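# Breakdown of the fold
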Amino acid sequence: SLVLLLAGAVLAIAVPTPDAFRVAATLVGLGLGPNQSASRSLMARFAPAARRAEFFGIFSLSGKATAWVGTLVFTVVVATTGDQRLALAPLVLMLALGLVLVLRIDQRRGEARARETAA
């Protein structure tokens, strides 16, 4: 899902035509739903059963607390440069960083740790 989001953002920056933007928007749209689902699924697997509500509460709070960051960065870049495509570049960097971090997750270890904590 992060690859689709990255591809859509890069395409929107690199190919400034209405048709390319439609393709980019489609890629982003295709990546958003699975991204949300996958993150919740992974959280459910990593959270010990007795503490799931706590884990999901922190998960939800962190999402709400940071949702403004991308919008702020986009707005600052557009206000500074006047270029909306350029304003997507920091968002591409954030998505790329997220992808690098996600690829480093050891799912088996996280699930095992959740089971150990529950026991």
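Refer to the structure above for everything that follows.
Residues numbered from 1 in each chain as written. Predicted model: local features only at pLDDT ≥ 70, side-chain atom pairs only at ≥ 80, totals over all residues. Heavy atoms only, no water.

## Comments concerning the pattern of salt bridges
- One pass over the full model with this rule turns up 3 salt bridges.
- Linking Asp19 and Arg22 is a salt bridge whose minimum nitrogen-to-oxygen distance equals 2.7 Å. With Asp19 and Arg22 both in helix α2 (residues 18–46) and 3 residues apart, this pair spans about one turn of that helix.
- Put simply, Arg45 and Glu111 hold a salt bridge, and the shortest N to O gap is 3.7 Å. Of this pair, Arg45 sits in helix α2 while Glu111 sits in helix α5 (residues 107–118); the two residues are 66 residues apart in sequence, bridging distant segments of the chain. (Salt bridge = Lys/Arg side-chain N within 4 Å of Asp/Glu carboxyl O. Helix = DSSP H or I, 4+ residues; strand = E, 2+ residues; numbered from the N terminus.)

## Some words on the nonpolar core
- In terms of nonpolar packing, the biggest core is built from 6 residues, these being Leu2, Leu5, Leu6, Ala9, Val92 and Leu99.
- Elements with a minimum of two residues in this core: α1 (2–14) and α4 (84–103).
- The element that contributes the greatest number of residues to this core is α1, accounting for 4 residues.
- With residues near it in sequence (within four places) discarded, Leu6 still touches Val92, Leu95, Ala96 and Leu99. (Core = buried A, V, L, I, M, F, W, Y, C linked by side-chain atoms within 4.5 Å. Buried < 20%, exposed > 50% of the residue type's maximum accessible area, 1.4 Å probe, protein only. Contact = heavy atoms within 4.5 Å.)

## Section: helix α3 (residues 52–81)
- With 30 residues, α3 extends 44 Å from end C-alpha to end C-alpha; this agrees with the ideal 44 Å at 1.5 Å per step.
- A maximum bend of about 30 degrees is found in α3 at Ala65.
- Gly82, located one to two residues past α3, shows a positive phi value of around 75 degrees. (Expected span 1.5 Å × (residues − 1). Bend = angle between axes of the 7 residues up to and from the residue.)

## Things to note about the environment of Ala112
- Within the secondary structure layout, Ala112 lies in helix α5.
- Residue Ala112 is classed as partly exposed on the basis of its relative accessible area, which comes to 24%.
- In this structure, the C-alpha to C-alpha distance between Ala112 and Ala53, residues 59 residues apart in sequence, is 19 Å.

## Thoughts on the packing of α1 against α2
- One can describe the packing of α1 onto α2 by two numbers: an axis separation of 7 Å at closest approach and a directional angle of 160 degrees. By the angle between their axes, α1 is roughly antiparallel relative to α2. Like other packed secondary-structure pairs, α1 and α2 cross with a definite hand, here left-handed. Facing Leu2, Leu4, Leu5, Ala7, Gly8, Ala9, Leu11 and Ala12 of α1, the residues of α2 in contact are Ala20, Phe21, Val23, Ala24, Leu27, Val28, Leu30, Gly31, Leu32 and Asn35.
- Grouping the constituent residues of the contact of α1 with α2 by class yields 15 nonpolar, 3 polar and no charged. (Axes fitted to C-alpha atoms, helices over the stretch in contact; angles between N-to-C directions. Parallel < 35°, antiparallel > 145°, perpendicular 65-115°, else oblique. Left-handed = near helix turned anticlockwise from the far one by under 90°. Nonpolar A, V, L, I, M, F, W, Y, C, P; charged D, E, K, R; others polar.)

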